[in-house]
Amino acid sequence: MQTQGRRVIRCRAAVAWAVGKPLSVEEVEVAPPKAGEVRIKIVATGICRTDDHVLEGCFPNVDFPVIPGHEGAGIVESVGEGVTTVKPGDKVIPIPLPHCGECSFCLNPESNYCLKSHFSESQNLLPDKTSRFTCKGKQIHHFLWVSTFAEYTVIPEYAVAKIDAAAPLDKVCLLGCGFSTGYGAAINTAKVKPGSTCAVFGLGGVGLSVVMGCKAAGASRIFAVDINKDKFAKAKELGATDCINPRDFKKPIQEVLTEMTGHGVDYSFEVIGQADTMIAALASCNMSTGVCVMIGEPASGSMIPIDPVLLLCGRTWKGTVLGGWKMKDSMPKLVSSYLEKKFNSDLLITHTLPIAKVNEGFELLRAGKSIRSVLLF
């Protein structure tokens, strides 16, 4: 591949001009990378529910117009001054949770958080507080610094992970967010033990990845919970032992799960982001040693009323972001595990679409007809 060098690149990108409006595929200008930055040609990107939250205006602190997308894979086109970890031609996965390597969280081996993350400071502009995107003479904002719905994107070096040159980019793009988040929530955050019981609330791409993680960890019984029974066949294929539709019961789902297991499951995972299912997931794990992991993203500003007695006897309620992986270090290892067939994340891909059909991909997601749609440039 020819290195484009230091010039502005004109390419396609799916731009969100305003909340609630469909994405518009436009020609955008992408400036060259500055010091410490990498310009990447995106080959493939998954559509994640988080991107839909952006379009709905539910994700916190996003500025419009913006180029969403954060689950991508591509090839380095050029690098800015001082970049040492990647070079033009390298296959890479952008990481939506950066790893600056300097803050107290990055230096803590038990944390995968970084103070450069969007939850601490906005990632709508690059660290120098400027954008590399323009369209029709207007500045376009970045999303989580990665903006993978653009054919070319500019990202800080500490939010880019080099991966094996043998990796198929149209498949491993899922490791950039969805698969890693769910699989890691079971393996890293909950630390699911062999022989244990688990319940997974929500069977989208992330929830099904939790099912895969629970199975890989040796769980003996995995309850897959969703109101869309069309998801059950895939859940069973990936390791669920029981599929439950809460609408089939007159009593709350936490009571159903408690009756089915005796005292509640050992581990529960909420992968929807709604207050009622978060409370149900917490109440469905056993009162003493049960662990409930919150993965789903609630709408910005949401509040959850809970009975503190739920925690008094020893239940643990914890959150996870990107599955607890230190992404810059873990991503190359996850890709190697994929290539070694230690897991099959390809089973999550139900649709492959050209970038021109990006809105169709979101319609499939909202209708519950897709697990993961992958967009190709």
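Because the structure is a prediction, the values reported are computed rather than measured.

A separate point is the side chain of Glu 37. Looking at the secondary structure, you find Glu 37 in strand S3 (residues 37-46). Here Lys 34 takes part through its backbone nitrogen, which lies 2.8 Å from a polar atom of the side chain of Glu 37. Those residues in contact with Glu 37, other than ones at most four positions away along the chain, are Val 79, Gly 80, Val 83, Leu 126, Arg 132, Val 154, Ile 155, Pro 156 and Glu 157.

On to the pattern of salt bridges, then. Pairs can form between side chains of opposite charge once their charged atoms are near each other. Summed over all chains, the structure comprises 18 salt bridges. A salt bridge links Arg 12 to Glu 151; the shortest N-O distance between them is 3.7 Å. Taken together, the residues span a long stretch of sequence, with Arg 12 in strand S1 (residues 9-15) and Glu 151 in the loop between strand S7 (138-140) and strand S8 (152-156) at a distance of 139 residues. By sharing partners, the salt bridges in this structure join Lys 34, Glu 37, Asp 128 and Arg 132 into a single network.

Our next topic: helix H7 (residues 275-284). Most of H7 is tucked away: seven of the 10 residues are buried. When H7 is considered as a whole, its buried residues turn out to be Thr 277, Met 278, Ala 280, Ala 281, Leu 282, Ala 283 and Ser 284. Packed against the buried residues of H7 are strand S10 (197-201), helix H6 (253-261), strand S13 (267-270), strand S14 (291-294), helix H8 (309-312) and strand S15 (316-319).

Quick look at the sheet that holds S13 now. Reading across the sheet, the six strands line up as S12-S11-S10-S13-S14-S15 and stay open at both edges, with parallel pairing between neighbours. Single-partner strands in this sheet number two, and they are strand S12 (242-244) and S15. The sheet shows a mean angle of 15° between the axes of neighbouring strands, taken without regard to direction. As paired strands, strand S11 (residues 221-225) and S12 are joined by three bridges and run parallel to one another. Note on S12: the bridge partner recorded for Ala 224 is Cys 243. Those strands touched by helix H3 (residues 178-190) are S13, S14 and S15, and its axis lies near 135° from that of S13. Along the sheet, H7 contacts S10, S13, S14 and S15; its crossing angle with S13, the most-contacted strand, is approximately 175°.

Our focus in this paragraph is the nonpolar core. Ranked by size, the top nonpolar core spans 102 residues in total, and within it Phe 149, Leu 175, Val 192, Cys 214, Phe 269 and Met 331 carry the most contacts. Ranked by the residues each element gives to this core, the list is headed by helix H4 (residues 205-216), at six residues. Counting 16 residues, the second largest nonpolar core, distinct from the first, contains Phe 223, Leu 257, Ala 281 and Cys 292.

This part takes up the environment of Ile 163. Mapped onto the secondary structure, Ile 163 falls in the loop between strand S9 (160-162) and helix H2 (169-172). Residue Ile 163 is classed as buried on the basis of its relative accessible area, which comes to 5%. Along the primary structure Ile 163 and Lys 41 are separated by 122 residues, whereas in three dimensions their C-alpha atoms are 15 Å apart. The contact partners of Ile 163, leaving out residues within four places of it in the chain, are Lys 91, Val 92, Ile 93, Leu 169, Val 172, Met 331, Pro 332 and Val 335.

What UniProt calls "domain: Enoyl reductase (ER)" (unreviewed entry) maps, in this numbering, to residues 20-375. From the first C-alpha to the last, residues 20-375 spans 21 Å; its make-up is 25% helix and 22% strand.

Right, let's get into the sheet that holds S7. One open sheet holds the four strands; their spatial order is S1-S2-S6-S7, and the pairing between them is antiparallel. Of all the strands in the sheet, the pair left with one neighbour each is S1 and S7. Between one strand axis and the next, the sheet turns through 45° on average, direction left out of account. Strand direction decides the pairing type here: strand S6 (residues 133-135) and S7, joined by three bridges, are antiparallel. Looking across to S7, one finds that Thr 134 is bridged to Gln 139.

Reading guide: rules and limits
Residues numbered from 1 in each chain as written. Predicted model: local features only at pLDDT ≥ 70, side-chain atom pairs only at ≥ 80, totals over all residues. Heavy atoms only, no water. Helix = DSSP H or I, 4+ residues; strand = E, 2+ residues; numbered from the N terminus. Polar contact = N/O pair within 3.5 Å; in protein donor to acceptor, adjacent residues only side chain to side chain. Contact = heavy atoms within 4.5 Å. Salt bridge = Lys/Arg side-chain N within 4 Å of Asp/Glu carboxyl O. Buried < 20%, exposed > 50% of the residue type's maximum accessible area, 1.4 Å probe, protein only. Pairing = 2+ DSSP bridges. Axes fitted to C-alpha atoms, helices over the stretch in contact; angles between N-to-C directions. Core = buried A, V, L, I, M, F, W, Y, C linked by side-chain atoms within 4.5 Å. UniProt positions renumbered as here; feature names shortened; annotations may be inferred.

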